[in-house]
Amino acid sequence: MDSAKKPRFDGTVNLGHLLQGLMLAGGLIAIYNAGQANLTEINVRLAIVEKSTNQISEAVVLLARQDERLNSFNDRIVKLETRTTRLEDRLEPGGKAGAR
């Protein structure tokens, strides 16, 4: 009585079973290959981004150095202007040194 309700295992294999197995294996291989292709593409793109980042970093360093040089030149100009003003203050209109 209960044997009619229990599922039984049938050990026979037919063409449909083989096709399902082949399709499953083929699908898994296709998914793996697509993933590998994606990884390769991502690695190439990452290398390009790293190269660009290095170039930008070098440019920023060069700009910082130029900024420091400009600041140094600016400081030197201010000092020269201050000295010139002091010398002009010491001289009289006739060109003689003033008595301070």
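The coordinates are above.
Residues numbered from 1 in each chain as written. Predicted model: local features only at pLDDT ≥ 70, side-chain atom pairs only at ≥ 80, totals over all residues. Heavy atoms only, no water.

Participant: Just give me the short version of the overall build of the protein chain, but keep the residues and values in it.
Facilitator: If you tally the helices and strands in the protein chain, you get one helix and zero strands. Here the protein chain holds 100 residues, and 0% of them are scored as buried. Of the accessible surface of the protein chain, which amounts to about 9900 Å², a share of 60% is contributed by carbon and sulfur atoms. (Helix = DSSP H or I, 4+ residues; strand = E, 2+ residues; numbered from the N terminus. Buried < 20%, exposed > 50% of the residue type's maximum accessible area, 1.4 Å probe, protein only. Areas by Shrake-Rupley, 256 points an atom, 1.4 Å probe, with all protein chains shown as cover.)

Participant: Quick one: what's the story with a positive patch on the surface, residue by residue and with numbers?
Facilitator: Taken together, the side chains of K79, R83, R86 and R90 make up a positively charged region of the molecular surface. Secondary-structure assignment places R86 in helix α1 (residues 15-90). (Patch = residues over 30% accessible without salt bridge, like charges linked within 9 Å, V, L, I, M, F, W, Y side chains within 5 Å. Salt bridge = Lys/Arg side-chain N within 4 Å of Asp/Glu carboxyl O. Lys, Arg positive; Asp, Glu negative; His and termini not counted. Charge placed at Lys NZ, Arg CZ, Asp CG, Glu CD.)

Participant: Run through a nonpolar patch on the surface, naming residues and quoting values.
Facilitator: Nonpolar side chains collect at one region of the surface, where V13, L15, L18, L19 and L22 lie side by side and expose about 540 Å² of accessible area between them. Along the polypeptide, L19 turns up in helix α1. On the basis of relative accessibility, which here comes to 46%, the residue L19 falls in the partly exposed class.

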